[in-house]
Protein chains: 2
Amino acid sequence: MNGAESLVKTLLACGVDTCFANPGTSEMHFVAALDRIPGMRCVLGLFEGVVTGAADGYARMADKPAATLLHCGPGLANGLANLHNARRAQTPVINIVGDQATYHRPLDAPLTADTEGWARPVSVWTRTATHAASVGADAATAVQAACAAPGGVASLILPSDVCWDAGGIVAAPLAPIPVSKVSPDAVQQAARVLRSGQPTLIVLAGTALREAPLADAHRIAAATDARLITPMSNARVARGRGRFNVDRVPYSGDAARARLAGIRNVILVGAPPPVTFFAYPGKSPRPYPEDAEVFVLARPEQDLAEALARLADELGAPAVSLPGSIASHDIAKGAVTSEAVAQTLTALLPEQAIVVEESVSFGRAFYPGTVHAAPHDWLQLTGGAIGDGLPLATGAAVAAPGRRVVALQADGSGMYTLQSLWTMAREKLDVTVVVLANRKYAILLGELAGVGANPGKTALDMLDIGNPDLNWVQLANGMGVEAARADDMARFAELFSMANARPGPFVIELVI
Amino acid sequence: MNGAESLVKTLLACGVDTCFANPGTSEMHFVAALDRIPGMRCVLGLFEGVVTGAADGYARMADKPAATLLHCGPGLANGLANLHNARRAQTPVINIVGDQATYHRPLDAPLTADTEGWARPVSVWTRTATHAASVGADAATAVQAACAAPGGVASLILPSDVCWDAGGIVAAPLAPIPVSKVSPDAVQQAARVLRSGQPTLIVLAGTALREAPLADAHRIAAATDARLITPMSNARVARGRGRFNVDRVPYSGDAARARLAGIRNVILVGAPPPVTFFAYPGKSPRPYPEDAEVFVLARPEQDLAEALARLADELGAPAVSLPGSIASHDIAKGAVTSEAVAQTLTALLPEQAIVVEESVSFGRAFYPGTVHAAPHDWLQLTGGAIGDGLPLATGAAVAAPGRRVVALQADGSGMYTLQSLWTMAREKLDVTVVVLANRKYAILLGELAGVGANPGKTALDMLDIGNPDLNWVQLANGMGVEAARADDMARFAELFSMANARPGPFVIELVI
């Protein structure tokens, strides 16, 4: 057995059975091993940003990691932006990067690059395999590291001779690293703060955004008048009719500070202290008052659901009933607005849909406006590195066959990784892509206005992605995906219903 | 004057007047400064790989650097693969990466990443600006560093507050770092080796591949029976009718070793010792005999043209007349083959065309088969990070208005940075793109065969980019570029002539 075969068998033994790949020459022995050993589903992406973003989307829905397969330092580099997003989402990923043979690397052939150096900033664990005999054990360690709470990217760099050399040994899966529970002190401290009567904010993130812990958080809020909030962008939130809703910290620092004015205490549950996305001259980088005190109920690597349940019990908080949900089937008609799209989504979103939202500026009404949609999961761009939406949708669809994926995709961001559409077509994934075509970097036009400039042609040209207009119907067709354009809400509703009812992908270019 | 304004004015004073950009929020003050200060041509790319590859192509033809404008660590990450190629091409690039404000960075907002850590491996110079008062001087130093022979990427990381703070100071250009000349010893040593009568190989790279030094190299070869060769991939080679031709080291290690069998001495002129692209089990990583002795006439940072001229004089080598050139106007007809495409290129390539070649497997006949084409420059993928061809063509066309750019582009690689087509349309660049559509990663199928595997469905699916077939006519149209398909050589010749004669870009999908 060569090293590559031991690696594939170890991954399968560890439950890793999906590999998003864009291989090259140095990975051919690994490809050959994947070919010989049954059990691994291999999904090709035509660009590495598709591969890494899909691995992120897959694990967010499967709650277990997929492997990637990337080609040398530059192949990794192409996937880094979406690994950055995966890092911020705390997503487990087994990030496999083929590389030059151990003895070839010092010769500095053209493709040789600082593979480890590029991997380390996005990874919780980075290792370059050195021998066929140990690469199986390396893989088992990578899986353990990636899956340790809260989850992260484990990068295994794979020199080609480690793959082709004989002497591979299949490693047994390592025991998962137990999730630590929060201390009684942390629970009691949070309870004391909540009983103080002072305005208190509870910031929920990570696994606290699943259905059961959200219910416990609402018990706590109802019993103490605490306010609940989540970061602006989250890896996965369970929401819709029959579930408890939590608002997000607004993107705009001004809006966030207005919303959180008067807060005296901030309790963190798996979240870092909230921070504005960017700094602005003369403005606080914190969305909560500077003099608020910050407490930690649970760190991201701790058991967030258990901590919330214990805190609710400590407070003697009774169960709360769900607020009334309105099942509306009124679709919007007329002009395309953010609110109108949210209304139609509420009416038409399929049960248990997976919504992948990278709607940037236009979609600000989508999240608040879909509280009463059918139960669904909501996945977001977590690290601000645009171009994650279409890859996330691809991976989520691979992870959750039978559930419809709805990608709400800004056009500028969508262009970063439009190659995802081809993978959706090849794998016949049930994805409805709604491209929000405003033909500009609208968020940046707002930011430029904030700079106080009266923009001229040079600036406008850098923020305008019209001239020429992109035609998403042709782009989708060019990659084998059927597509149509909607210019008003009636046509959108018609296309959206049709797309969700048919198997495979469909792109709706919604001109806004 | 704020920091951003001092930066723009300094760049202009240093002769940097072109900026390939994909800005974000943290760059808005820089965008506003570009807007207020006339003189900088800003070219938008819809993905950072387009931006960095275009900056590479621009400088290869302009012989001076362009600036990039990228957004934070992830924006840089998206551009790294083509910066890796620029590094291997020794191309000067002023790589400007906007980033979080100095005081915001420690708060670890979602987009915060290890910008410096990612930049360093591709850069000859990396600095994070710290104050508005010094960012002008930083920029002048960056230009000096990027332009120091042999040229490289100078990465200037630009926190947003350094841009918006008042107190910017325009810096004067710094004196260029002089190119060092080789020592008399190096010339005499090379002359001794060449006079020994032993089979000797001279490896030419970098600026040795311009017209005059190639003529001197041929004087040396004619006088001493030395053999001339260049690396497989080069940043820019002057070639065609009326110029001296030099063959390249073959890509295949076996073919290279066969070609270079019997060589006793290797003399390097701006080149590293040749190495195979990848390692293969049991095969030498060197294309020349293991016992050959390696000498250095000139290191990459030295004056290569001057060294060759001095060596030719030292040897008393007389001028040589050009070999006979055959101006052929016979286009190929019938089935599409690599040789047929080369024949048609020879017949139809416009005078002073810039050929950008990322043809990977199919194009192996293109270079040897176009020796007698009209005089042209030939630009290649230098670092093996695929997806450089369309961006290089974009940048070369910006640098050289009035010269036709012909991009010979493999389909799999072309998909990495297809967004380039949109920039070509917007800027109305005179580029003829020939997409070589074999609908597979053909080079990898060859490599897989080399692994000895009898490939099954899993492997073939990872190397086949058909199912569904890409439609490059639709993809190009979707980005505003006119396009047509050719299935045989007659149609190809017709489209190629038409495309080269019209202004603006045109895509020919050549089905092979």
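Just so it is clear, the model here is predicted, and its values are computed rather than measured.

## Overview of the overall build of chain A
Inference 1: In terms of regular secondary structure, chain A is built from 20 helices and 17 strands.
Inference 2: By the compact-globule yardstick of 24 Å for 512 residues, chain A fits well, its C-alpha radius of gyration being 24 Å.
Inference 3: Across its three principal axes, chain A shows a C-alpha extent of roughly 65 × 60 × 45 Å.
Inference 4: Split into buried and exposed, the 512 residues of chain A put 64% on the buried side.
Inference 5: For chain A, the share of sequence-separated contacts (at least 6 apart) that also reach a separation of at least 24 residues comes to 80%.
Inference 6: In the form shown here, chain A has an accessible surface area of approximately 16100 Å², with 54% of it arising from carbon and sulfur atoms.

## So, the domain arrangement of chain A
All names here are of chain A.
Inference 1: Partitioning chain A into domains gives domain 1 (3-164), domain 2 (184-314) and domain 3 (338-511).
Inference 2: Between domain 2 and domain 3, the C-alpha centre-to-centre distance is 29 Å.
Inference 3: Counting residues at the interface gives 17 residues for domain 2, matched by 23 residues for domain 3.
Inference 4: Across the interface of domain 2 and domain 3, roughly 1800 Å² is buried in total on both sides, 41% from carbon and sulfur atoms.

## Re the side chain of A:T382
Residue and element names in this part refer to chain A.
Inference 1: Within the fold, T382 resides in the loop between β13 (376-380) and α14 (389-399).
Inference 2: Residue T382 is classed as buried on the basis of its relative accessible area, which comes to 7%.
Inference 3: Polar side-chain contacts of T382 include one of 3.5 Å to the backbone nitrogen of A89.

## Examining the packing of helix α9 (residues 211-224) of chain B against helix α11 (residues 304-314) of chain B
All names here are of chain B.
Inference 1: Here α9 crosses α11 at 30°, and the two axes come no closer than 9 Å. As the angle between them shows, α9 and α11 are arranged roughly parallel. α11 is crossed by α9, and the crossing has left-handed handedness. Residue-level contacts link P213, D216, A217, R219 and I220 of α9 to A305, L308, A309, L311, A312 and D313 of α11.
Inference 2: When the residues that make up the contact of α9 with α11 are grouped by side-chain class, the tally is eight nonpolar, no polar and three charged.

## Digging into the UniProt feature "domain: Thiamine pyrophosphate enzyme N-terminal TPP-binding" (unreviewed entry) in chain A
Inference 1: Here the UniProt feature "domain: Thiamine pyrophosphate enzyme N-terminal TPP-binding" (unreviewed entry) sits at residues 1-106 of chain A.
Inference 2: Split by type, residues 1-106 of chain A is 50% helix and 19% strand. Its first and last C-alpha atoms lie 27 Å apart.

## Quick word on the nonpolar core
Inference 1: Within the largest apolar cluster, 202 residues are counted, with the highest numbers of intra-cluster contacts made by A:L11, A:F30, A:L80, B:L11, B:F30 and B:L80.
Inference 2: Those residues in contact with B:L80 that sit more than four places away from it in its chain are A:A77, A:L80, A:W118, B:W118 and B:V122.

## Thoughts on the sheet that holds strand β17 (residues 506-511) of chain B
All names here are of chain B.
Inference 1: A sheet is described by the order of its strands in space; here seven strands give the open sequence β9-β13-β12-β14-β15-β17-β16, paired in mixed fashion. Strands at the two margins of the open sheet, each flanked by one partner only, are β9 (237-239) and β16 (482-486). Averaged over neighbouring strand pairs, the angle between their axes works out to 20° when direction is ignored.
Inference 2: For β9 and strand β13 (residues 376-380), the ladder comprises three bridges, and the chain directions are antiparallel. Within the sheet, the bridge partner assigned to V237 lies in β13 and is W378.

## Structural notes on the interface of chain A and chain B
Inference 1: With 95 residues of chain A at the contact, the number on the chain B side is 96 residues.
Inference 2: With both sides pooled, the region where chain A packs onto chain B buries about 7900 Å², and carbon together with sulfur makes up 66% of that total.
Inference 3: Across the salt bridge formed by B:D108 and A:R88, the nearest N and O atoms sit 2.8 Å from each other.
Inference 4: At the boundary of chain A and chain B, one finds 47 residue pairs in polar contact (both at pLDDT 80 or more).
Inference 5: Among the elements of the structure, α2 (28-36), β2 (41-44), α4 (72-89), α5 (115-119), α16 (420-426), α17 (442-450), α18 (457-463) and α19 (472-478) of chain A are those that each provide at least two residues to the side of chain A that touches chain B.
Inference 6: Ranked by the residues each element gives to the side of chain A that touches chain B, the list is headed by α4(A), at nine residues.
Inference 7: Of the residues that constitute the side of chain A that touches chain B, the class distribution is 54 nonpolar, 28 polar and 13 charged.

Rules used throughout
Residues numbered from 1 in each chain as written. Chains lettered and ligands numbered in written order. Predicted model: local features only at pLDDT ≥ 70, side-chain atom pairs only at ≥ 80, totals over all residues. Heavy atoms only, no water. Helix = DSSP H or I, 4+ residues; strand = E, 2+ residues; numbered from the N terminus. Rg over C-alpha atoms; globule rule 2.2 N^0.38 Å. Buried < 20%, exposed > 50% of the residue type's maximum accessible area, 1.4 Å probe, protein only. Contact = heavy atoms within 4.5 Å. Areas by Shrake-Rupley, 256 points an atom, 1.4 Å probe, with all protein chains shown as cover. Domains from an automatic or database assignment. Buried area = accessible area lost by both parts, 1.4 Å probe. Polar contact = N/O pair within 3.5 Å; in protein donor to acceptor, adjacent residues only side chain to side chain. Axes fitted to C-alpha atoms, helices over the stretch in contact; angles between N-to-C directions. Parallel < 35°, antiparallel > 145°, perpendicular 65-115°, else oblique. Left-handed = near helix turned anticlockwise from the far one by under 90°. Nonpolar A, V, L, I, M, F, W, Y, C, P; charged D, E, K, R; others polar. UniProt positions renumbered as here; feature names shortened; annotations may be inferred. Core = buried A, V, L, I, M, F, W, Y, C linked by side-chain atoms within 4.5 Å. Pairing = 2+ DSSP bridges. Salt bridge = Lys/Arg side-chain N within 4 Å of Asp/Glu carboxyl O.

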